[in-house]
Amino acid sequence: MRIVLLGPPGSGKGTQARRLVDRFGLSLIATGDIFRWNVREGTELGHRAKAYLDAGELVPDDVTIAIVMAAIDKVPDGFILDGFPRTIPQAESLESELAARGRPISSVLAFILDEEEAVKRIAGRRTCANCQAPYNVFFNPPVTEGICDVCGGPLVQRTDESEETVRRRLEVYREQTAPLLKFYSERGFLREIDAVGTEEEVTQRAVAALADLVGKDQSESRI
Ligand code: AMP
């Protein structure tokens, strides 16, 4: 299976990507993780990408496409793309590059979540700077504001998770990425998944949608 996951920030797409990868034994290619790793390590790519990540803007298409294709060429068949493509030019490049390799995308899952819920899920996130315990000020607040229940360390917010940046990321998703739902639905291999529910419930929906898509297309080359 070669799968693309779409969904706004906060839809739980990254979590579902990891669950599906474990379940089906696929490779995971997550562009956000690749960029964040490069920023942390201070690579040349990290220096180029940092300002875009901090502002909630997209890294330019040419850079992103080159990174993803290099990653795809390193993994065996069967992968999940989490966070790519995010623009129509990225989707078109992906389509032609994969066609040239005889490895087309088989399924696209789009996780659907209300924008205000997405803002609460992400802008509410805090992590203990000391022991990394995760919190959410709306859904899972610490007993004392700003202080970790486990070790008393200070709770911090990721730079790209401020409310302002999250709203910008959602706007970018609406304007540049949401058109991909039409792009893939016209090709017949998109399923929308309701992203509200427990992690397991959402995974069950995703697995059912994948079974449906795979069953629908009997041609082995797509699967
Ligand atoms: P994510 O963790 O997938 O939300 O990605 C975090 C950030 O990485 C995004 O806000 C962008 O700045 C950058 N990024 C990730 N994927 C892409 C992509 N396909 N195209 C451009 N920028 C991306």
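That block above? That's the structure.
The paragraphs below set out a description of the structure included in this document. (Residues numbered from 1 in each chain as written. Predicted model: local features only at pLDDT ≥ 70, side-chain atom pairs only at ≥ 80, totals over all residues. Heavy atoms only, no water.)

## Focus on the sheet that holds strand β5 (residues 125-128)
Ordered by their spatial adjacency, 3 strands build an open sheet running β6-β5-β7, and the pairing between neighbours is antiparallel. Looking at the sheet topology across the chains shown, the edges are occupied by β6 (134-136) and β7 (155-156). Examined bridge by bridge, β5 and β6 share 3 bridges and lie antiparallel to one another. Looking at β6, one finds that Thr-127 is bridged to Pro-134. Set on the sheet, helix α6 (residues 115-123) makes contact with β5 and β6; between it and β5 the angle comes to about 15°. (Pairing = 2+ DSSP bridges. Helix = DSSP H or I, 4+ residues; strand = E, 2+ residues; numbered from the N terminus. Contact = heavy atoms within 4.5 Å. Axes fitted to C-alpha atoms, helices over the stretch in contact; angles between N-to-C directions.)

## Here's the deal with helix α7 (residues 163-177)
Since there are 3.6 residues in each turn of an α-helix, residues three or four apart along the chain are aligned in direction. A rise of 1.5 Å per residue sets the reference length of α7, with its 15 residues, at 21 Å; its end C-alpha atoms lie 20 Å apart and thus fit the reference within 8%. Along α7, the residues that are buried comprise Thr-165, Val-166, Arg-169, Leu-170, Val-172, Tyr-173 and Thr-177. The arc enclosing the buried residues of α7, seen along the axis, measures out at 160°, which places them on a common side. At its buried positions, α7 is contacted by β1 (2-6), α3 (44-55), α6 and α8 (179-186). (Expected span 1.5 Å × (residues − 1). Buried < 20%, exposed > 50% of the residue type's maximum accessible area, 1.4 Å probe, protein only. Arc of directions from axis to C-beta.)

## What about the side chain of Thr-87?
Structurally, the position occupied by Thr-87 is in the loop between β3 (79-82) and α5 (88-101). Overall, Thr-87 belongs to the buried group, its relative accessible area being 5%. Looking at Thr-87, its side chain comes within polar contact range of the main-chain nitrogen of Gln-90, at 3.1 Å. When sequence neighbours within four positions are dropped, the list of residues in contact with Thr-87 reads Leu-58, Asp-61, Gln-176 and Leu-180. (Polar contact = N/O pair within 3.5 Å; in protein donor to acceptor, adjacent residues only side chain to side chain.)

## Describing the site of the ligand
Among the 15 residues in the neighbourhood of the ligand, the closest are listed as Thr-31, Glu-57, Gly-83, Arg-86 and Gln-90. Within the side chain of Arg-36, one N or O atom sits 3.0 Å away from an oxygen atom of the ligand. Taking Arg-169, its side chain carries an N or O atom lying 3.3 Å from an oxygen atom of the ligand. The set of elements that each furnish at least two residues to the shell around the ligand consists of α2 (31-41) and α3. (Near = heavy atom within 4 Å.)

## Looking at the pattern of salt bridges
A complete count under the given rule lists 21 salt bridges for this structure. Across the pair Glu-117 and Arg-121 runs a salt bridge whose closest N-O atoms are separated by 3.7 Å. Of this pair, Glu-117 and Arg-121 are both found in helix α6, 4 residues apart, which corresponds to roughly one turn of the helix. Linking Arg-191 and Asp-212 is a salt bridge whose minimum nitrogen-to-oxygen distance equals 2.9 Å. One end of the pair, Arg-191, is in strand β8 (residues 190-194); the other, Asp-212, is in helix α9 (residues 199-216), with 21 residues separating them in the sequence. Judged by relative accessible area, which is 21%, Arg-191 ranks as partly exposed. A relative accessible area of 38% means that Asp-212 is categorised as partly exposed. Each of Arg-125, Arg-158, Asp-160 and Glu-161 takes part in one network of salt bridges that share partners. (Salt bridge = Lys/Arg side-chain N within 4 Å of Asp/Glu carboxyl O.)

## Some details on the nonpolar core
Membership of the largest hydrophobic core comes to 49 residues, with the highest contact counts inside it found for Leu-6, Ile-72, Leu-81, Leu-94, Ile-105, Leu-109 and Tyr-184. No other element matches the 6 residues that α9 contributes to this core. Not counting chain neighbours up to four residues away, the residues in contact with Leu-6 comprise Lys-13, Pro-85, Val-108, Leu-109, Ala-110, Phe-111, Tyr-173, Thr-177, Leu-180, Leu-181, Tyr-184 and Leu-190. Formed by 7 residues, the second largest nonpolar core is a distinct cluster that contains Phe-35, Leu-45, Leu-53 and Ile-67. (Core = buried A, V, L, I, M, F, W, Y, C linked by side-chain atoms within 4.5 Å.)

## Examining α3
The set of residues buried in α3 consists of Leu-45, Gly-46, Ala-49 and Leu-53. Mapping the buried residues of α3 onto a view down its axis gives an arc of 80°, with all of them on the same face. In α3, the exposed positions angled more than 90 degrees off the buried face are occupied by Glu-44, His-47, Arg-48 and Ala-51. The elements touched by buried residues of α3 are α2, α4 (61-74) and α7. Residue Gly-56 follows α3 closely and has a positive phi angle near 75°.

## Details of the layout of surface pockets
Estimated volume of the second largest pocket: approximately 210 Å³. For the second largest pocket, the full set of lining residues is Arg-36, Val-39, Arg-40, Lys-50, Leu-53, Asp-54, Arg-158, Thr-159 and Asp-160. Those elements that place two or more of their residues in the lining of the second largest pocket are α2 and α3. (1 Å grid on protein atoms, 1.4 Å probe; cavity = no way out; pocket = protein on both sides within 12 Å on 5 of 7 lines; lining within 4 Å. Points joined across faces, edges and corners; volume = space filled by probe spheres on them.)

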